[in-house]
Amino acid sequence: MKLDEVQTLDHEFVMPTYHRMQVAFERGEGARLFDVEGRDYIDFGSGIGVNSVGYGNPRMINVLCEQAQKLIHTSNLFYIPNQALLAQKLIKLSRMDMNVFFANSGAEANEAMIKLARKYGEIRFPKKRYKIITLQSSFHGRTLATLKATGQEAYHKYFAPFPDGFVIAQNLQDVYQKIDDETCGVMIELIQGEGGICALPQDEVRELAAFLRQHQILLLVDEVQSGVYRTGEFLASHLYGIQPDLISLAKGMGGGITIGAVMSAHKNVFVAGDHGSTFGGNPLSSRVALEVLEILEEEYHSKKLQAKIELFEERLEGLLKRSDIFLKKVGRGLMCGLEARDTQIQQTVISQALCAGVVVLRSGRNVVRFLPPLTISECEIDEGFERLHLLACLDE
Ligand SMILES: Cc1ncc(COP(=O)(O)O)c(C=O)c1O
């Protein structure tokens, strides 16, 4: 199908909820995408951090096909061997004493996390605690509760009334001012993915984590974007040296198959009937996620991931030096970006990059975001940056 045919159908039959770029992709290989016209692109976006093992990864495809032939779905009314194995793997990689609930997306994982924190707030204290404090530039999802938890007001227009009990703090210092005797949890992204690839200060996060522990208030860490080796460690929490009470994951965990998870250090809060999902952690998604984790664990232990992170950082520094349209490099590992001088430049870079055959993403008001597949090769990194160096806007 040609691009204009896709566009005609899309405009007629799909709700126009997205600002789409003028491209439709047909297939991918490694970190390279091909559009319906056959043009190729180096993918530094990986479907917003989802395609963690790239396109057509033979190990992922093999288990996907094998499992699809055996059993795709049963429901959580029955034991699911792949789900149990996946939970065991997540806990091993997290190096934390936790258990897991499986969902299908980031927002759903966060919903589960919020519900668990609320139940904790009810059963742990004599007077029910239900408030959750979140940060101003955060993004936690599009359901009503996760939207309200999202601190960016722009997302709230039209959709009130929201579930009660979300309190927005300006920054980590302000969290202390917002805590009261109804607070059950504080929910943060260690590196704000949609809010400009903004890494929270490590010392402040560690201080807050210690304070919350002392006061038995839960620390909820949204690792939907930062988790599963994106920052160079399995969890950004590892990078920060903290042990949250609850952690949510999604995106890169399934390599493109929809799955989300919440890990909880409070293993007995949820009991049968408290929460559920028809699809969450079904035999197919669990099997694929388990393989994705194994592939990425090998990349990590062989130090290949670290080598790529270093090369990527070097290449980003090169772009930063090449042009004064960028102010600084932001982020950690392969969750990184270049802060542009303004929104206009950010948009120009993204659209010129696409024309030059490189997919990059926006984040916040002025950041050009890079979330390449974690299995990207050094040649693909170099080729992507060679293409970026040719952008006309760099010389303006
Ligand atoms: C940190 C964070 N949390 C939650 C979400 C929502 O995830 P989903 O779109 O899978 O519901 C996102 C999506 O971008 C995210 O970056």
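All values reported here derive from a predicted model rather than from experimental measurement.

Cut-offs and rules
Residues numbered from 1 in each chain as written. Predicted model: local features only at pLDDT ≥ 70, side-chain atom pairs only at ≥ 80, totals over all residues. Heavy atoms only, no water. Domains from an automatic or database assignment. Contact = heavy atoms within 4.5 Å. Salt bridge = Lys/Arg side-chain N within 4 Å of Asp/Glu carboxyl O. Polar contact = N/O pair within 3.5 Å; in protein donor to acceptor, adjacent residues only side chain to side chain. Helix = DSSP H or I, 4+ residues; strand = E, 2+ residues; numbered from the N terminus. Nonpolar A, V, L, I, M, F, W, Y, C, P; charged D, E, K, R; others polar. Buried < 20%, exposed > 50% of the residue type's maximum accessible area, 1.4 Å probe, protein only. Pairing = 2+ DSSP bridges. Core = buried A, V, L, I, M, F, W, Y, C linked by side-chain atoms within 4.5 Å. Patch = residues over 30% accessible without salt bridge, like charges linked within 9 Å, V, L, I, M, F, W, Y side chains within 5 Å. Areas by Shrake-Rupley, 256 points an atom, 1.4 Å probe, with all protein chains shown as cover. 1 Å grid on protein atoms, 1.4 Å probe; cavity = no way out; pocket = protein on both sides within 12 Å on 5 of 7 lines; lining within 4 Å. Points joined across faces, edges and corners; volume = space filled by probe spheres on them.

With that out of the way, let us pick up the domain arrangement of the protein. Under the domain assignment, the protein is made up of domain 1 (3–56 + 303–395) and domain 2 (71–301). Put simply, the middle of domain 1 and the middle of domain 2, counted by C-alpha atoms, are 26 Å apart. Each partner contributes residues to the interface: domain 1 has 28 residues there, and domain 2 has 24 residues. Viewed at the interface, domain 2 and domain 1 are joined by two salt bridges. The shortest N-O distance in the salt bridge between Glu299 and Lys308 comes to 2.8 Å. Our enumeration of links across domain 1 and domain 2 arrives at 19 residue pairs in polar contact (both at pLDDT 80 or more). If you list the elements that add at least two residues to the side of domain 1 that touches domain 2, you get helix 2 (46–49), helix 11 (304–322), strand 13 (326–332), strand 14 (335–340) and strand 17 (367–370). A total of four residues in the side of domain 1 that touches domain 2 trace back to one element, the largest contributor, which is helix 11. Partitioning the side of domain 1 that touches domain 2 into residue classes produces 13 nonpolar, 10 polar and five charged.

This part takes up the pairing of strand 7 (residues 183–188). Buried residues dominate strand 7, accounting for six of its six residues. Bridge count for strand 5 (residues 131–135) against strand 7 is four bridges, and the pairing is parallel. Along strand 7, the bridge assignment pairs Ile133 with Val186. Relative to strand 10 (residues 218–222), strand 7 is paired through four bridges, and the arrangement is parallel. Along strand 10, the bridge assignment pairs Val186 with Leu219.

One finds Phe44, Leu90, Met253 and Phe370 to be the most contacted residues of the largest nonpolar core, which totals 60 residues. Counting the residues that make up this core, at least three belong to each of domain 1 (3–56 + 303–395) and domain 2 (71–301). Among residues more than four places away in sequence, those in contact with Phe370 are Phe44, Phe312, Leu316, Leu334, Met335, Cys336, Gly337, Leu338, Val360, Phe385 and Leu388. Of all hydrophobic cores here, the second largest spans 28 residues; its members include Ile133, Val186, Ile242 and Val330.

In this section: a nonpolar patch on the surface. On the surface, Met1, Leu9, Phe13 and Val14 cluster together into a nonpolar patch covering about 420 Å² of accessible area. Residue position: Val14 is located in the loop between helix 1 (3–13) and strand 1 (25–29).

This paragraph deals with the environment of Ala31. Tracing the backbone shows Ala31 in the loop between strand 1 and strand 2 (32–35). Looking at Ala31, the relative accessible area reads 0%, which means it is buried. Along the primary structure Ala31 and Leu374 are separated by 343 residues, whereas in three dimensions their C-alpha atoms are 9.1 Å apart. If we skip the residues at most four places from it in the chain, Ala31 touches Tyr41, Ile42, Asp43, Tyr55, Pro373, Ile376 and Glu380.

The subject of this paragraph is the layout of surface pockets. In this model, the second largest pocket occupies a volume close to 420 Å³. For the second largest pocket, the lining is made up of 20 residues, of which Val100, Phe101, Phe270, Val271 and His275 are closest to its centre. The set of elements that each furnish at least two residues to the lining of the second largest pocket consists of strand 4 (99–103) and strand 12 (260–264). No other element matches strand 4, which puts four residues into the lining of the second largest pocket. Considered class by class, the residues forming the lining of the second largest pocket number eight nonpolar, 10 polar and two charged.

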